[in-house]
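# Structure assessment
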Amino acid sequence: MSRIDPRTALSRLLAAGTPVSVEPVPLQEAGGRILARSLTADRDHPPADMSAMDGFAVRASDLAGAANPPAAEKRPAPIRLPVTGEARMGQPAEPLPPASAMRISTGAPLPPGSDTVVPVEEVESGPEAIRILHPAAGSVIPGRFV
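Below: a short report on this structure. (Residues numbered from 1 in each chain as written. Predicted model: local features only at pLDDT ≥ 70, side-chain atom pairs only at ≥ 80, totals over all residues. Heavy atoms only, no water.)

## A look at the pattern of salt bridges
- Following the criterion strictly, the structure yields five salt bridges and no others.
- With a closest N to O distance of 2.7 Å, Arg43 and Asp42 form a salt bridge. (Salt bridge = Lys/Arg side-chain N within 4 Å of Asp/Glu carboxyl O.)

Next comes the structure, spelled out in structure tokens:
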């Protein structure tokens, strides 16, 4: 088999092809076909911000001071936040009160007022409160694990 340059290969392919007409088909029969035009969704999915991790929904602003300790301190101080409830997949969440956390499952909608998820691996949790031991700068970025 001899090699040919890409332009020659493309022109041979285009010459061998036969244009086809556009035809509407049900989605169940569309496998193996090529779209004639772009397909767009008629609504957002998921319909709300969702948690990508099991953990605690918080406001990043409630953690910001700990991530930027004074220069004299080597490590940020732990942050204690009361746990005010739980957000579960498939259920609407109650609003998150300021300076608090809410348990959240993977796939659950974020409670109104929260903007960040702290993974369960990054906290010490008790029945009524969590302690975020060493909040890193990356853990206070709004939208983390959302």
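## Describing the pairing of strand β3 (residues 101–104)
- For strand β1 (residues 55–58) and β3, the ladder comprises three bridges, and the chain directions are antiparallel. Paired with Ala57 across the two strands is Met102, which belongs to β3.
- Taken together, the three bridges between strand β2 (residues 79–87) and β3 define a ladder with parallel strand orientation. Within β3, the residue paired with Ala87 across the bridge is Ile104. (Pairing = 2+ DSSP bridges. Helix = DSSP H or I, 4+ residues; strand = E, 2+ residues; numbered from the N terminus.)

## As for the side chain of Ser100
- Here Ser100 lies in the loop between β2 and β3.
- A distance of 2.5 Å separates a polar atom in the side chain of Ser100 from the backbone oxygen of Pro97.
- When neighbours within four sequence positions are excluded, Ser100 is seen to be in contact with Ala57, Val58, Asp62, Leu81, Pro82 and Thr84. (Polar contact = N/O pair within 3.5 Å; in protein donor to acceptor, adjacent residues only side chain to side chain. Contact = heavy atoms within 4.5 Å.)

## With respect to the environment of Ala52
- Inspection of the secondary structure assignment puts Ala52 in the loop between α1 (6–16) and β1.
- Aside from chain neighbours lying at most four places away, what touches Ala52 is Thr106 and Phe145.

## Considering the sheet that holds strand β4 (residues 116–119)
- Read across the open sheet, the six strands follow the order β4-β1-β3-β2-β6-β5; overall the sheet is mixed. The open sheet has two edge strands, β4 and β5 (123–125), and neither has a second partner. In this sheet, adjacent strand axes meet at a mean angle of 40° when their direction is disregarded.
- Relative to strand β6 (residues 129–132), β5 runs antiparallel, the two sharing three bridges. Bridge pairing in β6 places Val123 opposite Ile132. (Axes fitted to C-alpha atoms, helices over the stretch in contact; angles between N-to-C directions.)

## Let's talk about α1
- Among the eleven residues that make up α1, zero are buried, leaving the element largely open to the surroundings.
- Its side-chain oxygen at 3.1 Å from the backbone nitrogen of Arg7, Asp5 defines the N-terminal cap of α1. (Buried < 20%, exposed > 50% of the residue type's maximum accessible area, 1.4 Å probe, protein only.)

## A few points about the nonpolar core
- Ranked by size, the top nonpolar core spans eleven residues in total: Phe56, Val58, Leu63, Ile79, Leu81, Val83, Ala101, Val118, Val123, Ile130 and Ile132.
- For this core, the elements supplying multiple residues, two or more each, are β1, β2 and β6.
- Counting residues per element, this core draws most heavily on β2, at three residues.
- Residue contacts for Val118: discarding those within four places in its chain leaves Gly55, Phe56, Val58, Leu63, Val123 and Ile132.
- Ala93, Met102, Ala108 and Leu110 belong to the second largest nonpolar core, which has nine residues in total. (Core = buried A, V, L, I, M, F, W, Y, C linked by side-chain atoms within 4.5 Å.)

## A few points about the pairing of β1
- As paired strands, β1 and β4 are joined by four bridges and run antiparallel to one another. Each bridged residue has a counterpart across the sheet, and for Val58 the counterpart in β4 is Thr116.

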